Amino acid sequence: GLRGLAQDGPQVLGLLVSRRPGGAMAARTVLLSYGSETFRFGWQEGLAARDFGAQLAEAVKAATGLPSLQGLEMTSEQAQVPGQGSPQRVKVTPRDIFEMRLGGSQQNPAIVRIAAAQVLGHQAAPAAAAPPGSAAPQRSRVTLPGTAAVPQPGGAGSPRSAAAPAKFQKKGGSQVQFLRNMQMDKDPAGLRGASTIRRIPIEEVHEHASIGDIWMVLQGRVFNVTPYMDYHPGGKAELMRSAGGDGTALYNEIHPWISLDMIEKLQVGLIGASRAASSTAPATPAAAAPSAAPTPKASAPSVALHPVEWRAFPLVNVRNINADCILMRFDIGAGRVSGLRPGQHLNARVQLRRGQELLEVHRKYTPVSDVEAVGYVELLVKVYPSGKMGPVLAGLRPKSGDGPAAVGDSLEMQGPFGDLAYVGDGRFALGALASAGAVGSAVGGRALAAGRVAMFAAGSGLTPMLQLLRPIMGEWRKGAGPQVTLVFCNRREEDIIYRQDLERLAGEFGGARLRLRILLSQPPGGASETWPGGAEAGAQGADIRRTDGRISDDILAEAIAGSVNGALGAGFLALTCGPEGFDAAVVDGLSRFGVPADNLHVF
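Residues numbered from 1 in each chain as written. Predicted model: local features only at pLDDT ≥ 70, side-chain atom pairs only at ≥ 80, totals over all residues. Heavy atoms only, no water.

*Asks:* Give me the overall build of the chain: which residues, what numbers.
*Replies:* If you tally the helices and strands in the chain, you get 13 helices and 29 strands. Within the chain, buried positions represent 44% of all 603 residues. For the chain, contacts bridging at least 24 residues in sequence account for 67% of all contacts bridging at least 6. As displayed, the chain has an accessible area near 29900 Å², and 53% of this comes from carbon and sulfur atoms. (Helix = DSSP H or I, 4+ residues; strand = E, 2+ residues; numbered from the N terminus. Buried < 20%, exposed > 50% of the residue type's maximum accessible area, 1.4 Å probe, protein only. Contact = heavy atoms within 4.5 Å. Areas by Shrake-Rupley, 256 points an atom, 1.4 Å probe, with all protein chains shown as cover.)

*Asks:* Residues and numbers for the pattern of salt bridges, please.
*Replies:* Enumeration over the complete set of coordinates arrives at 20 salt bridges. The shortest N-O distance in the salt bridge between R198 and E204 comes to 2.6 Å. Taking the relative accessible area as the measure of exposure, E204 reaches 3% and is therefore buried. One salt-bridge network, held together by shared partners, links R515, R517, D543, R545 and E558. (Salt bridge = Lys/Arg side-chain N within 4 Å of Asp/Glu carboxyl O.)

*Asks:* Can you tell me about unusual backbone geometry, naming the residues and giving the values?
*Replies:* In this structure, P416 follows G415 across a cis peptide bond, with omega equal to 0°. Tracing the sequence through the fold places P416 in strand β20 (residues 410-417). One non-glycine residue, Q219, adopts positive backbone phi at about 55°. As for its position among the elements, Q219 is in the loop between β12 (213-218) and β13 (221-224). The phi torsion at D425 lies on the positive side, around 55°, for a residue other than glycine. By the secondary structure assignment, D425 is in the loop between β21 (420-424) and β22 (427-430).

*Asks:* How would you summarise the nonpolar core if you had to cite specific residues and measurements?
*Replies:* The nonpolar side chains of a soluble globular protein tend to be buried, and buried together. Formed by 41 residues in total, the largest nonpolar core has its most connected members in M455 and L462. Counting residues per element, this core draws most heavily on helix α10 (residues 463-476), at seven residues. Counting residues in each nonpolar core, the second largest holds 24 residues, with I326, V350, V377 and L396 among its members. (Core = buried A, V, L, I, M, F, W, Y, C linked by side-chain atoms within 4.5 Å.)

*Asks:* For the sheet that holds strand β10 (residues 199-200), give the residues involved together with the corresponding values.
*Replies:* One open sheet holds the five strands; their spatial order is β10-β14-β13-β12-β11, and the pairing between them is mixed. Pairing within the sheet leaves two strands with one partner each, and these edge strands are β10 and β11 (209-210). In the sheet, β10 pairs with strand β14 (residues 267-271) via two bridges, with the strands oriented parallel. Following the sheet pairing, I200 is matched in β14 by I271. (Pairing = 2+ DSSP bridges.)

*Asks:* Describe empty space enclosed by the protein, and please don't skip the residues or the numbers.
*Replies:* Per the stated rule, a full pass over the model turns up one cavity of 30 Å³ or more. In this structure, the largest cavity spans a volume of roughly 40 Å³. Lining the largest cavity are S338, L340, P367, S369, D370, V371, A373, Y376, V377 and Q467. Tallied by class, the residues present in the lining of the largest cavity amount to six nonpolar, three polar and one charged. (1 Å grid on protein atoms, 1.4 Å probe; cavity = no way out; pocket = protein on both sides within 12 Å on 5 of 7 lines; lining within 4 Å. Points joined across faces, edges and corners; volume = space filled by probe spheres on them. Nonpolar A, V, L, I, M, F, W, Y, C, P; charged D, E, K, R; others polar.)

*Asks:* Just give me the short version of the sheet that holds strand β17 (residues 345-354), but keep the residues and values in it.
*Replies:* Ordered in space as β18-β17-β20-β15-β16-β19, the six strands form an open sheet in which the pairing is antiparallel. Sheet topology places β18 (357-365) and β19 (376-382) at the edges, where each strand pairs with a single neighbour. Recorded for the sheet is a direction-independent mean angle of 40° between the axes of neighbouring strands. Direction of pairing for strand β16 (residues 325-331) relative to β19: antiparallel, over a ladder of seven bridges. Counted as the bridge partner of R329 is E378 from β19. (Axes fitted to C-alpha atoms, helices over the stretch in contact; angles between N-to-C directions.)

*Asks:* How would you sum up the pairing of β14? Please name residues and give values.
*Replies:* Taken across its five residues, β14 has four buried, putting it largely inside the fold. As defined by bridge partners, β13 adjoins β14 across three bridges and the pair is classed as antiparallel. Residue R221 lies in a different strand from β14, and its bridge partner there is L270.

*Asks:* So what's going on with the confidence of the model for the chain? Which residues, and what values?
*Replies:* Looking at the chain, pLDDT values average 73 and 69% of them are 70 or higher. Low confidence marks residues 1-26, where pLDDT is under 50. Its contacts with residues over four positions away, or in another chain, come to 54 contacts. When the criterion is pLDDT under 50, residues 563-567 qualifies, and its contacts beyond four places in sequence or with other chains add up to five contacts. (pLDDT = per-residue confidence, 0-100.)

*Asks:* Tell me what's going on with helix α11 (residues 499-509), and back it up with residues and numbers.
*Replies:* Among all positions in α11, only R499, L502, E503, L505, A506, G507 and F509 are buried. Tucked into the core, α11 has its buried residues touching α10, β24 (483-490), β25 (514-520) and β27 (543-548). Directly beyond the C-terminal end of α11, a positive phi value near 75° is found at G510.

*Asks:* Can you lay out the packing of aromatic side chains for me, pointing to particular residues and giving the numbers?
*Replies:* With the rule as written, the count across this model stands at five aromatic pairs. Ring centres 4.9 Å apart and planes at 45° place the aromatic pair F52 and F98 in the tilted group. Within this pair, whereas F52 is found in helix α1 (residues 49-64), its partner F98 is found in helix α2 (residues 94-98), the two being separated by 46 residues in sequence. Of the two residues examined, F52 and F98, each falls in the buried class. Over the aromatic face of Y376 sits the side chain of R329, whose NZ or CZ is 3.7 Å from the ring centroid. (Phe/Tyr/Trp six-rings, centres within 6.5 Å; stacked < 30°, edge-to-face > 60°. Lys NZ or Arg CZ within 6 Å of the ring centre and 35° of its normal.)

The structure is reproduced here in structure tokens:
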């Protein structure tokens, strides 16, 4: 595997060693140089070529952030060219490294330099220096084969030149390098002081749809993605599919789990009304409350959410669950359902004012209400004092009154999203199947039948588990459905949301259906009637364990014990939802126990 940073010297990547009789190490080593960093990569003598290739790919991925060796050029400073007196830098292949054709030794290893292969014709011409007293120079121009030089866009009216068709690179460059570019460039979007939240009509977005000048709409936000063209993992052609238009549906289909935070510095505004609508619509006060969800036409399906369009729904009720969790019910319209499937989530957005700047904040929520609930959707919201979204939602006012005289606040939502959905009888749809109307109606994705499911949740990460348990409980009552082990982790006893409901369910269905494990990292001190700890054989054979501590290998092993009968794959599914560190601990631990990646899902 990969090792962490050494105390001094280069970082160690994938160094596997064994010892010969007498204690000598039998390992081969090279130094991988990428940019300004150097990494030591080692492999065990006698390693199979296929295993070596996999380890090298993992090492390069860790060093560069690239998914594979494709698009890379490797050169060696140790390779000697016959007839020349000094070492020359020549291209090398993974097989050259594997067969040690580069020379070097354990003490003085060969150096392999890694660089992305040059993108054909993509060069940035330096901006001309401004004469004394003149305006600041414009941003540099991007030139591609078959195109005229086009300035980076910076707002309405930015000049553009028509572009002829151009060839595209197949894959993008290093994501690490892109992030470095974003850190170094104070104005990568070319705003030149303009606001990142100005309302941009779709007609203006249409004007930026050529190579070297690409804007697109993603989740209601407008981005100048031109600087990302050379780094998009799918290549430029994929980005061009949404150039000058709304790419939200395509983005949500391909990247439902990836946040837009990576390109937030490329935001140039928010999508606004079209120019035609703006010219005829009456002026709207800036402080007007969000409008209610549009009333569907008689022929429209009775689904409230839309995957591209943001729709506002009024808050009708708020209830405290514990000291920092509230349950919020929103009116989605009479006779309408959310459109989510069990396991899916929605996006919500609010606007925050920080000084003179208005910020837009997005957050994913899995409703705890039944996906088939008619007329409403309920969200469990954790309110962190220093959070962005929670305090704003906690300050919303429920609707009071009816008709034009009604007052109260609304929340904008969008959905459904998510690449896992429960379709019944222990079957889960994954990937593209999760967003399809029915299993088998989408291209791509897969289905998984699981007789046993292990759920790992921390804090409000319980919400997707609750949503999945609703239909599963209905199956249990009919004598069907998978066995579920729920491991629920919290800090203190008062943080355990829905504790009584969970323990009641464990008592109702017994250990044959539901095994409940509750962990506290800060358990109550001394004797406690409400937290006795240890195992409890509750009513009707309930299988409940209350444990002090954090998620660990012992907890993970007990949770999957007997679940898979030694075959950690077919018929088993592990789900986890919580903070990033919690999810990483669960995934790493289960992977060590042999659970395949295809049988692990992180919400």
